[in-house]
Amino acid sequence: MSVTAAISPYRKVRDEVRRLAEADGIPFVEVFASASLEALTARDVKGLYEKAIRGEIVHFTGVSDPYEPPLRPDVTAHSDRESVSA
């Protein structure tokens with residue numbers, strides 16, 4: 001077994017990766033790591049979210065560029081509400 005991160009803010013791209021994997025008989029599990037913008041900003045040690053919110057960084061996913069959450073992820077982890085032990 002192997003794990004790979006097909007990270008994309010666009011649902012269409014993630015759906016295409018799933019289709020390609022399944023066409024080759026490769027099991028595919030979509031994991032959605034969900035968190036509020038407030039939580040992401042609070043844990044961002046580089047301050048990139050705050051800069052994006054102020055407009056200092058353009059085309060920042062989830063702030064000035066879209067993030068399309070999955071419609072039916074296989075697993076959802078609410079990292080701003082759940083602990084690792086949950």
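Located above this text is the structure these notes cover.
All values reported here derive from a predicted model rather than from experimental measurement. (Residues numbered from 1 in each chain as written. Predicted model: local features only at pLDDT ≥ 70, side-chain atom pairs only at ≥ 80, totals over all residues. Heavy atoms only, no water.)

Observations concerning the overall build of the chain
Here is the rule: Put simply, DSSP H or I for four residues or longer makes a helix, DSSP E for two residues or longer makes a strand, and each gets a number counted from the N terminus. C-alpha atoms define the radius of gyration in this analysis, and the globule rule sets the expected value at 2.2 Å times the number of residues to the power 0.38. Think of it in three bands: residues with accessible area under 20% of the maximum for their type are buried, residues over 50% are exposed, and the middle band is partly exposed, with areas taken using a 1.4 Å probe on protein chains only. Every accessible area reported is derived by Shrake-Rupley at a probe size of 1.4 Å, with residue values counting cover from the shown protein chains alone. All tallies of charge rest on Lys and Arg as positive and Asp and Glu as negative; His and the ends of each chain are not included. For this purpose, a charge sits on NZ of Lys, CZ of Arg, CG of Asp or CD of Glu.
Within the chain, the secondary structure is distributed over three helices and two strands. Counting helices and strands in the order they occur from the N terminus, the chain gives α-β-α-α-β. On C-alpha atoms alone, the chain measures out to a radius of gyration of 15 Å, which is more than a quarter above the 12 Å that the 2.2 N^0.38 rule sets for 86 residues. The dimensions of the chain, computed from C-alpha atoms along their principal axes, are 45 × 35 × 20 Å. Every one of the 86 residues in the chain was classed for burial, and the buried ones make up 19%. Carbon and sulfur atoms make up 57% of the accessible area of the chain, which totals about 6,700 Å². If you average the places of the 11 positive and of the 14 negative side-chain charges in the chain, the two averages end up 1 Å apart.

Quick notes on the pattern of salt bridges
Going by this rule: Salt bridges, as used here, are contacts in which a Lys or Arg side-chain nitrogen is within 4 Å of a carboxyl oxygen on Asp or Glu.
By the definition in use, this model includes six salt bridges. Measuring nitrogen to oxygen at the nearest pair gives 3.4 Å for the salt bridge that ties Arg18 to Glu22. Of this pair, Arg18 and Glu22 both sit in helix α1 (residues 11–23), four residues apart, roughly one helical turn. Taking relative accessible area as the criterion, Glu22 reaches 45% and is therefore assigned partly exposed.

Here's the deal with unusual backbone geometry
For His59, which is not a glycine, the phi torsion comes out positive at approximately 60°. Position of His59 among the secondary structure elements: in the loop between α3 (48–53) and β2 (75–78). A relative accessible area of 60% means that His59 is categorised as exposed.

Quick word on the packing of aromatic side chains
Here is the rule: Between rings of Phe, Tyr and Trp, where Trp is taken as its six-membered ring, a pair exists when centres lie within 6.5 Å; planes separated by under 30 degrees are stacked, by over 60 edge-to-face, and by other angles tilted.
Per the stated rule, a full pass over the model turns up two aromatic pairs. Aromatic pair Phe32 and Tyr67: ring centres 6.2 Å apart, planes at 15°, arrangement stacked. Remark: Tyr67 occurs in the loop between α3 and β2 and Phe32 occurs in strand β1 (residues 31–34); sequence separation between them is 35 residues. For Phe32, a relative accessible area of 16% puts it in the buried group. Residue Tyr67 is classed as partly exposed on the basis of its relative accessible area, which comes to 35%. When the ring of Tyr49 is compared with that of Phe60, the centres are 4.9 Å apart and the planes differ by 80°; the resulting orientation is edge-to-face. In this pair, Tyr49 is assigned in helix α3 and Phe60 in the loop between α3 and β2, connecting sequence segments 11 residues apart.

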